[in-house]
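# Residue-level structure breakdown
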Amino acid sequence: MAGSGRRPEHRGPPELFYNEFEARKYTQNSRVVEIQSQMSERAVELLGLPEDRPCLLLDVGCGSGLSGDYISDEGHYWIGMDISPAMLDVAVEREVEGDLLLADVGHGIPFRPGMFDGCISISAVQWLCNADKKSHSPPKRLYRFFSTLYTTLARGSRAVLQLYPENSEQLELITAQAMRAGFTGGMVVDYPNSAKAKKFFLCLFVGASGTLPKGLGTECADGEEIHQAKFTNERTRFRNAKGKSVKKSRDWILEKKERRRRQGKEVRADTKYTGRKRRPRF
């Protein structure tokens, strides 16, 4: 259910639209992967997580695990929910580090109270505004989602939901149901004056209301440069001196394997071939 970074057209329920072909096509699109990673990074930043310990996060509409990859790279743990079996099959094939659950979030979040330190969702929540079955009531499904999400989040935590509202009425419906469920907070809009870069993040607080973060690209020129620089500096963990990404490098792979060992997962032994690029096949 996770989105591609573009405004999705309604082509039926997501569990049918994201079939095996669409799921693989989606996950293999380099532009989709890049945009998904950027939005996941921004969502995790808005969560305001503590820096001194790993956290357990819920990924709503996790899809094939692209947003979960970023969560894992930051040293956190996650559980993903999605309604598309094909998307989750791709996530399993990709050997993502999070646990996966096939479920319709419109039926609620089936976890114990206070279990998660935060929740992110990328391009998924707007699907709940669609009545794909006669029994579907968007306001009721949204309230069921938000009320059970509120329960499963720890006090003082946040949920950051990136979404693509079709219109202002849909945006108001989503926000109203979130507030009715007990959340405080509001909408953070990045680059509101840009048609392509504009992004909506519903930033929700559990318990005491916090200060709503400012959207990127919303300040004056000097302030905007400072704000954007701060965001850019937090994205340098896997970049070398020349600014090139070193993901999938030997060091990155060894770190990921060691993290999986600490989680008690079975991992192949390290060899001199670990991280070595394979020659292209003809």
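Residues numbered from 1 in each chain as written. Predicted model: local features only at pLDDT ≥ 70, side-chain atom pairs only at ≥ 80, totals over all residues. Heavy atoms only, no water.

As annotated in an unreviewed UniProt entry, the protein carries the name 18S rRNA (guanine-N(7))-methyltransferase and comes from Cepphus grylle. Here is the UniProt Subunit (unreviewed entry) comment for the protein, exactly as written: "Heterodimer with TRMT112; this heterodimerization is necessary for the metabolic stability and activity of the catalytic subunit BUD23. Interacts with GRIP1." Taken from UniProt, the Catalytic activity (unreviewed entry) comment for the protein reads in full: "a guanosine in 18S rRNA + S-adenosyl-L-methionine = an N(7)-methylguanosine in 18S rRNA + S-adenosyl-L-homocysteine". (UniProt positions renumbered as here; feature names shortened; annotations may be inferred.)

### Remarks on the sheet that holds strand S2 (residues 77-82)
What the seven strands build is an open sheet, ordered S3-S2-S1-S4-S5-S7-S6; its pairing is mixed. Of all the strands in the sheet, the pair left with one neighbour each is strand S3 (99-102) and strand S6 (184-190). Across the sheet, the mean angle from the axis of one strand to that of its neighbour is 15°, orientation sign disregarded. In this sheet, strand S5 (residues 153-163) lies alongside strand S4 (residues 116-122) in parallel orientation, the contact comprising six bridges. Within S5, the position partnered with isoleucine 120 by the bridge is valine 160. Sitting on the sheet, helix H3 (residues 30-47) is in contact with strand S1 (56-60), S4, S5, S6 and strand S7 (199-205), with an inclination near 145° to S4. Where helix H7 (residues 168-180) meets the sheet, it contacts S5, S6 and S7, and its direction lies at approximately 15° from that of S7. (Pairing = 2+ DSSP bridges. Helix = DSSP H or I, 4+ residues; strand = E, 2+ residues; numbered from the N terminus. Axes fitted to C-alpha atoms, helices over the stretch in contact; angles between N-to-C directions. Contact = heavy atoms within 4.5 Å.)

### Structural notes on the packing of aromatic side chains
Taken as a whole and assessed by the stated rule, the structure comprises four aromatic pairs. The interplanar angle of 80° and the centroid separation of 5.1 Å between the aromatic rings of tyrosine 150 and phenylalanine 183 together place this pair among those described as edge-to-face. Residue tyrosine 150 is found in helix H6 (residues 138-152), and its partner phenylalanine 183 is found in the loop between H7 and S6; the two are separated by 33 residues along the sequence. A relative accessible area of 2% places phenylalanine 183 in the buried class. The cationic tip of arginine 180 hangs over the ring face of tyrosine 143; the distance from NZ or CZ to the ring centre is 4.0 Å. (Phe/Tyr/Trp six-rings, centres within 6.5 Å; stacked < 30°, edge-to-face > 60°. Buried < 20%, exposed > 50% of the residue type's maximum accessible area, 1.4 Å probe, protein only. Lys NZ or Arg CZ within 6 Å of the ring centre and 35° of its normal.)

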